[in-house]
Each structure stands twice: as structure tokens, then as C-alpha cells.
Amino acid sequence: MDLTRDRVRVVAGLVILAAIMLIVPATSVAAYYIAFLYLVFFWISMATSWTILSGFAGYWSFGHAAFFGTGVYTAATLATKFNWPFLWTIPAAGLVAAALGTGIGWLVFRLQRLRGELFALITISVTFVVAAIISNTPIDGGSGVYLISVSLPELFGSQTSTIYVLGLVLCLMTLIITYGVYRSRMGLGLFAIHDDEDVAEVKGVPTFRYKLGAIALSSGIAGAVGSVYSINVSYVTVGETFEITTIMYPVVMSIFGGSRHWLGPALGAIIVTVALYGFPAGPEAALARGGVALGLILVVLLLPEGVMPALGRLWRKTAPRSLVPVPARPELRIPAPRSGEAALAAKHAVVLDCRDVVKTFGGVQALKGVTLDVRQGEILGLVGPNGSGKSTLINVITGHFRLDRGSIDFAGTAIGQLPAHRVARLGIARSYQIPRPFNRLTVLDNVALAASFGDGHGEDEARRMAAHWLGYTGLARKAFDYPPGLNLHERKFLELARGLAARPRVLLLDEVLSGLNNTEVDEALHLVRDIRDRGTTIIFVEHLMRAVNELSDRIAVLNGGALIALGDPKAVMSDSEVVSVYLGKAHAS
């Protein structure tokens, strides 16, 4: 409820501010200032829409000008060649630009290697391609498009005021949409994609769909903004529409204000626009431009996340931190794992069945026909020397890698070819040998994300569940810290809390004990037993043989990608082939 009230207050504040700004044209303010304020609205919309994809999801785009230019020429073409009423061209321009962005995303996001600088290069190439197509077709033809004859309703007695109002409305809508994404489940997923996309997918985030949604929103807003821009300038050309400032200014403004905060780009846009356009000529203009450049350098060096996140951190230091009740550890009760099919109700029923699992990387066969079953409610120890295929098997089970051959069935569902986020939602969770938290999300949000996407909780319930599991793993006091501030023991237990928050039927623990001291190991073993005793099936990958023998109901041994032993711990560990693998042939009986 508190989160809902916060959203209502923010949206109401934006609407009230917009209503106040709406009366500006009705006053005696000079037309120059009205036009200048429209320019501020324009850059706020451009920078904020850019950050939905690039700031939130981390896919840096230099193709925003392509979507903007698509909107410009869609509106210009519909208004001049098809005689559409101009106001109708605004949503049309947004839809066409969104369609272009979605099409690009549908192709590019399917190729995982096209991230980072490769994605940036592709997007800037798209800008040049779109500009070339428009310039060399009847859309523009190289001579530009005049919109002087296009009629526009006059609000407050002038067309300038109408353009001001349109810019204000688009700016308000952009901020509300961006804030809605920022505070939504989708926003949390996009931030996780930014930090570690592979882990986000394994935790249940539908990364492809969210990235597609982000680029559709980002490009659609840019296209709608472009339509209003076209009537404002009255004459559009390829050179001015796709110029370098259109490509770079949204990036600079977002970096300046903070691209991971919904209000950061708006703050950056206001500062940069006033500095660049508030002084039309003379030494003041040159000084202002130099100030922007110097300010950007200082922000990158001193405030790498931007001005707005820095202000947010300052606020959190002075504001009360207990946003979510964090119960003390002794009061916690572990919720029962999600109920499965009737076949899983019986103790020792097979919950996970791997048959002839094969996975090859190039010419290297990492898994060579592994056949393995995991029973409901057991702890299965999975051991083997380094390079034996343990992590590969975990990655295949969780959907991070697709099967080459064989099958994996989970509770009667074939999962060998499912994407990782669907596997997570079926009830399989994992930890990582080297902890991979989302470093720019708080500890609480790291766990809340797993509860939200892995177990389908709403935001409020997910945060309550996250607080619960943080208390259970002894991290309650770290809830509002960030993972880089945790020690190894705490980061390992954060991995455990994230796995538990999804309430999985099967939990895969990948060397959760590595790097811990004896006291910490004993504490972790107690937690693992407690989790199993409450009904969760565990696959326990570990090199610490004392822990494996102490915890495991059965042990499976991999070597060279093949299963060489499976059964009772004592019998397996005394097997001559297993002894040979671990101690050498001289020790094998």
C-alpha cells in the first residue's frame, strides 16, 4: 500500500506541475520563452525515452535519431501528401517508430553476442540506413518537406502555444510512462538485465520480451516527439533531422542526470538545454558550452551514476531505512515449497529425470550421455574433479544451455529446450559457485526479484518474502546495502536467499561452501538440512567431501562429462573408479 501511495503522489505531482506549466501561454510571456520551454520539453522527452532501453536495460543505443526521424517523416508525409489532420499524425508517428524499433529488437535481441559495443554499432548503422532511405526516396527526395501549409488548431491564440502544449503533454506522458516502468516488475527486470542478463534469465526474467517492450516504448515515444518537432520547424530535411546532436544529446543528458533513475534524464536535459540554448550567441554561449563539457567530465569522474542517483543516496542516508519490515531470524518460518503434481506427493518419486544428456561446445563434448534421476525430497550430491561437467549439467538443467541430444523431464514436463526463465517458473532455482548478484540492486531487491519472477509474487508480497528469507539467512541487517559491500560469506548466503525466495521444488547449490571457514560451513550445512527437511529437493555440488558425505542421501560422480557412479554415499566413495579419479590408480583397490 505504501508503494501504491508513493506512485499516486508522484503521478499527481507531475500532473499538477504540468497543469501549472499549461497556463504559461495564457500569460504575457514572450513567444521566445514559450518556444524555449518547448525545447526543454523536447529534450526531456528525448532523453527520458532513450533511458528506458539504454539506461534501464543497459543496451546503449545510438539509434534514437532513427526512431525520431521516422516519426518526423511519418508526420510530414501523412500531413502533406495524404492531408491527414496533424493531430492524427502524432500517434501514427509513434506507432511507425515503435514498429521499426520492435522489428530491429526482434532480430538483434535473438543474438546474444550482439550486446555492448556491438549493439551500439548496429543502432548507429540503422540511423544512417534510415536517413539514406528517406533521402533517396520520394519520402524526402533530397529537397526536404515543407509543412508551412499544414493547419494546426491554435490554442491560446497562436500556433506556437499549441506546439508548446503538445510538447508539454508528450513530456508529461513520457515521464509518467518512464516512472511506471521504473517502479514496475518490468523495471526491476530491466535493471537485472543491465547488471547480468544471463543471471536475470535464470532467475525468471523474460529478458527477450522485456527488451522488446523497452525498445518499443523508447522508439515509440521518440517517434511521437518527432511528429511535433516537424510542425515546429515547418521544414524538415534529412541533414537536420539525423544530425549528430539528435544522436548524442539524449545520451549526454541521461549520463549527466543519471540514466538508471527515471527523473535523471529530465534533470540532465534541463541543465544541458539551459546551458546550450539559454545563451544564443557571444562569449556567454561559448562559456556555457564549455561548462557543459566540464560538468560532464566531473560527473563521469565523481558521480559515475549521475546527479540524480547521487542525490538519492544522500537522501537515503538521512531518511529512515525500514521501508519493509524485516523480521528477526528466530521468528521466521519457511513456507512450504509449491505443491507439484500428484505423482510428486509420494516420498522418493522422481522429480527430475535426465536421459542421455549430451552437450557439446565446438569439438569438445562436455556431457557424454549423462543419465541421472533426482528424487523428491532428497539431497543428491554431485561431485567430480574440475572440468568433469558438473556446472555444465547445472546450466543445462536450468536452461542456460540448450540440450544437443537427450531429454530432461521435470515433474512430467520436458525442459531441455525451454528458455531459462520458463524453467525457473516451473520451480527450479540455483546458486552460483562465484556469487553473481545484481550489484546495482540492493540486497533486498536482489531477493525480491527472485520471489517476484521465480514464484510469481506481486511487488509488495515479493518484498515481504525477500525480507523473510534475508532474515532466515542472517542478512536482515544488510537488506538495504549493495552486494559489493558484502563479504564472501554474506554473498554466498545472498545466493542461497535468492534461490529460496523462488520457493523452488528443486534447488541446485553450486559450491555454496567454497571459501567459507569451518564455522560458516557448519552454519550453511544446518541451513541446507533445514531446507531439505521442509520438502525442497536439493542437488548439492561441492568439493568439500566432508559436507557431501554428511548431507547427501545419494551421490552422483561425473568424470570427463560421463556419469561413473551413482548411489549410496559410502558405496560410491569406496568405488574403485571413483577412488582412481580422486586419488589416482595407485590408491584404487
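Residues numbered from 1 in each chain as written. Predicted model: local features only at pLDDT ≥ 70, side-chain atom pairs only at ≥ 80, totals over all residues. Heavy atoms only, no water.

Moving on to the overall build of the protein chain. Broken down by element type, the protein chain carries 22 helices and twelve strands. Based on the C-alpha atoms only, the size of the protein chain along its principal axes is roughly 95 × 55 × 50 Å. By the burial criterion, 54% of the 589 residues in the protein chain qualify as buried. When contacts within the protein chain are restricted to residue pairs at least 6 apart in sequence, those whose partners lie at least 24 apart make up 75%. Only carbon and sulfur atoms are counted for the fraction: they give 62% of the accessible area of the protein chain, which is about 25,100 Å². Here the protein chain carries 50 positive and 43 negative side-chain charges, and the mean point of each set is 1 Å from the other. (Helix = DSSP H or I, 4+ residues; strand = E, 2+ residues; numbered from the N terminus. Buried < 20%, exposed > 50% of the residue type's maximum accessible area, 1.4 Å probe, protein only. Contact = heavy atoms within 4.5 Å. Areas by Shrake-Rupley, 256 points an atom, 1.4 Å probe, with all protein chains shown as cover. Lys, Arg positive; Asp, Glu negative; His and termini not counted. Charge placed at Lys NZ, Arg CZ, Asp CG, Glu CD.)

Pairing within the open sheet is mixed, and its six strands lie in the order β8-β9-β10-β5-β11-β12. Only two strands of the sheet have a single partner each, and these edge strands are β8 (428–430) and β12 (562–567). Across this sheet, the average inter-strand angle for adjacent strands is 20°, counted without regard to direction. Strands β5 (379–383), β8, β9 (506–510), β10 (537–541) and β11 (554–559) of the sheet are contacted by helix α14 (residues 390–397), whose axis makes an angle of about 150° with β9. (Pairing = 2+ DSSP bridges. Axes fitted to C-alpha atoms, helices over the stretch in contact; angles between N-to-C directions.)

Turning our eyes to something else, we now look at a nonpolar patch on the surface. A contiguous nonpolar patch, built from Leu-294, Ile-297, Leu-298, Leu-301 and Leu-302 and spanning about 530 Å² of accessible area, is present on the exposed surface. With respect to the element layout, Leu-302 can be found in helix α12 (residues 283–302). By relative accessible area, which is 63% here, Leu-302 ends up exposed. (Patch = residues over 30% accessible without salt bridge, like charges linked within 9 Å, V, L, I, M, F, W, Y side chains within 5 Å. Salt bridge = Lys/Arg side-chain N within 4 Å of Asp/Glu carboxyl O.)

One finds Phe-42, Leu-53, Tyr-73, Phe-86, Leu-190, Phe-242 and Leu-449 to be the most contacted residues of the largest nonpolar core, which totals 98 residues. Residues within four places of Phe-242 in sequence aside, it is in contact with Ala-65, Ala-66, Gly-69, Tyr-73, Thr-127, Val-130, Ala-131, Ile-134 and Ile-247. If you look at the next biggest cluster of nonpolar residues, it comprises 49 residues, including Val-447, Leu-475, Leu-525 and Ile-538. (Core = buried A, V, L, I, M, F, W, Y, C linked by side-chain atoms within 4.5 Å.)

Bringing unusual backbone geometry into the picture now. With a phi close to 55°, Asn-83 is a non-glycine residue in the positive phi region. Counting through the fold element by element, Asn-83 comes out in the loop between α3 (64–81) and α4 (86–108). We classify Asn-83 as exposed; its relative accessible area is 63%. Phi is positive for Glu-511, which is not a glycine, with a value near 50°.

Here the structure, examined in full by the defined rule, presents 25 salt bridges. In this structure, Arg-7 engages Glu-459 in a salt bridge whose closest nitrogen and oxygen atoms are separated by 2.2 Å. Here Arg-7 is found in helix α1 (residues 2–22), whereas its partner Glu-459 is found in helix α17 (residues 459–472), with 452 residues between them in sequence. One salt-bridge network, held together by shared partners, links Arg-115, Glu-197, Asp-198 and Lys-211.

By the secondary structure assignment, His-468 is in helix α17. A relative accessible area of 14% means that His-468 is categorised as buried. Note: C-alpha distance between His-468 and Ala-497 (29 residues apart in sequence) is 9.2 Å.

This next bit is on α17. For α17, built from 14 residues, the straight-helix expectation of 20 Å at 1.5 Å per residue is met to within 8% by its first-to-last C-alpha distance of 20 Å. Taken across its 14 residues, α17 has ten buried, putting it largely inside the fold. Residues Ala-462, Arg-463, Met-465, Ala-466, Ala-467, His-468, Trp-469, Leu-470, Gly-471 and Tyr-472 constitute the buried set of α17. Note on α17: the residue one or two positions beyond its end, Gly-474, has a positive phi of about 80°. (Expected span 1.5 Å × (residues − 1).)

This paragraph deals with the packing of aromatic side chains. Per the counting criterion, the structure on display carries 20 aromatic pairs. Taking 5.9 Å as the distance between ring centres and 45° as the angle between the ring planes, the aromatic pair formed by Phe-56 and Tyr-182 counts as tilted. Of this pair, Phe-56 sits in the loop between α2 (31–53) and α3 while Tyr-182 sits in helix α6 (residues 159–182), and the two are 126 residues apart along the sequence. Residue Phe-56 is classed as buried on the basis of its relative accessible area of 0%. A relative accessible area of 17% means that Tyr-182 is categorised as buried. Each member of the aromatic cluster is reached from another via a ring pair, and the members are Tyr-38, Phe-42, Trp-43, Phe-68, Tyr-229 and Tyr-249. The ring of Phe-453 carries the charged tip of Arg-185 above its face, separated from the ring centre by 4.2 Å. One cation-aromatic arrangement involves Arg-436 over Tyr-432; the distance from NZ or CZ to the ring centre is 5.0 Å. (Phe/Tyr/Trp six-rings, centres within 6.5 Å; stacked < 30°, edge-to-face > 60°. Lys NZ or Arg CZ within 6 Å of the ring centre and 35° of its normal.)

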